[in-house]
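Close look at the chain arrangement
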Amino acid sequence: QVTMQLHSGLAKKMVRNRLEARNTTFNEYKVIYDQSAEDVSRSLMILNAPLMGLFVYAFSAWRRRFYYDSLLFSLHFLSFFLASVMILDAINDLVTYFLAPDGIPIRLLVSGLLIPLFYGFFSIRSFLVTKIGWSFLLAPAVFISLALAQGLYRGIIFIFTFWVT
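To keep things clear, this report deals only with the structure shown in the data block. Since this is a predicted model, take the numbers as computed values, not measurements.

**Side note on the pattern of salt bridges**
Scanning the model with the defined rule gives two salt bridges in all. Among the ionic pairs, K30 bridges to D34, the shortest N-O distance being 3.0 Å. With K30 and D34 both in helix α2 (residues 26–44) and four residues apart, this pair spans about one turn of that helix. Across the pair E38 and R42 runs a salt bridge, and its minimum N-O distance is 2.7 Å. With a gap of four residues between them, E38 and R42 both fall in helix α2, about one helical turn apart.

**Considering the side chain of T165**
Relative to the helices and strands, T165 resides in the segment after α6 (132–164). Polar side-chain contacts of T165 include one of 2.7 Å to the side chain of Y29. In this structure, T165 is in contact with R18, R22, Y29, I32, Y33 and S36, ignoring residues within four places of it in sequence.

**Some thoughts on the packing of α2 against α6**
Look at α2 against α6: their axes get within 9 Å of each other, and the N-to-C directions meet at 125°. Classified by the angle their axes make, α2 and α6 are oblique. Crossing handedness for the pair α2 and α6: right-handed. Here α2 contributes Y29, Y33, S36, A37, V40, S41 and L44 to the contact with α6, which in turn contributes Y153, I156, I157, F158, F160, T161, F162 and V164. Taken together, the residues of the contact of α2 with α6 sort by class into 12 nonpolar, three polar and no charged.

Rules and cut-offs
- Residues numbered from 1 in each chain as written.
- Predicted model: local features only at pLDDT ≥ 70, side-chain atom pairs only at ≥ 80, totals over all residues.
- Heavy atoms only, no water.
- Salt bridge = Lys/Arg side-chain N within 4 Å of Asp/Glu carboxyl O.
- Helix = DSSP H or I, 4+ residues; strand = E, 2+ residues; numbered from the N terminus.
- Polar contact = N/O pair within 3.5 Å; in protein donor to acceptor, adjacent residues only side chain to side chain.
- Contact = heavy atoms within 4.5 Å.
- Axes fitted to C-alpha atoms, helices over the stretch in contact; angles between N-to-C directions.
- Parallel < 35°, antiparallel > 145°, perpendicular 65-115°, else oblique.
- Left-handed = near helix turned anticlockwise from the far one by under 90°.
- Nonpolar A, V, L, I, M, F, W, Y, C, P; charged D, E, K, R; others polar.

Purely geometric numbers; function is a separate question.
In C-alpha cells:
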C-alpha cells in the first residue's frame with residue numbers, strides 16, 4: 001500500500017511519521033499493518049461497486065441515467081469481472097501445473113482481459129442503448145472506471161488500516 005499506488009506519496013510520509021512517533025522499524029509495523037489490512041479489505045470490499053458506479057455515472061451522464069442504474073450496472077460488471085478472474089486464475093493454475101510448469105501461457109493472460117472487455121462492450125451497449133460504434137469507445141471507459149474505483153478503494157483501505165494500526 002505504500003508503493004505503486006495513487007496515494008503512495010502521502011502514504012510514505014504518514015508511515016514515516018508513524019514509525020518515528022512509535023520508535024519502531026518498518027518491518028515490525030509491516031507485520032501489524034498486513035494483518036489489519038487483510039481484515040479491512042474484506043470488510044470494505046462492498047465499496048467497489050458504489051465507487052465504480054460513480055465513475056460509470058460520470059461517463060454516462062449524457063444519457064441522463066440515475067445513479068442507481070449505474071450502481072446496478074457496476075455491480076453486474078464487477079461480479080462478472082471477479083468471477084472471470086477467479087475462473088481464469090484456476091484454469092491458469094491447472095495449465096501451469098500440468099502443461100507449462102516453466103511459464104504462464106500468454107493466451108490465458110490475454111483472454112483474462114479480452115473476456116471482460118467483450119462483456120463490457122455488450123453490457124455497456126445494452127445499458128446505454130447505444131450504437132455499436134459508441135460501444136467500442138465506451139467499453140474501455142468501463143475498464144477505466146474499474147481502475148479508478150480500484151485506486152480509490154485502495155486509498156480508502158490504506159486510510160482505514162492506518163487508522164486502526
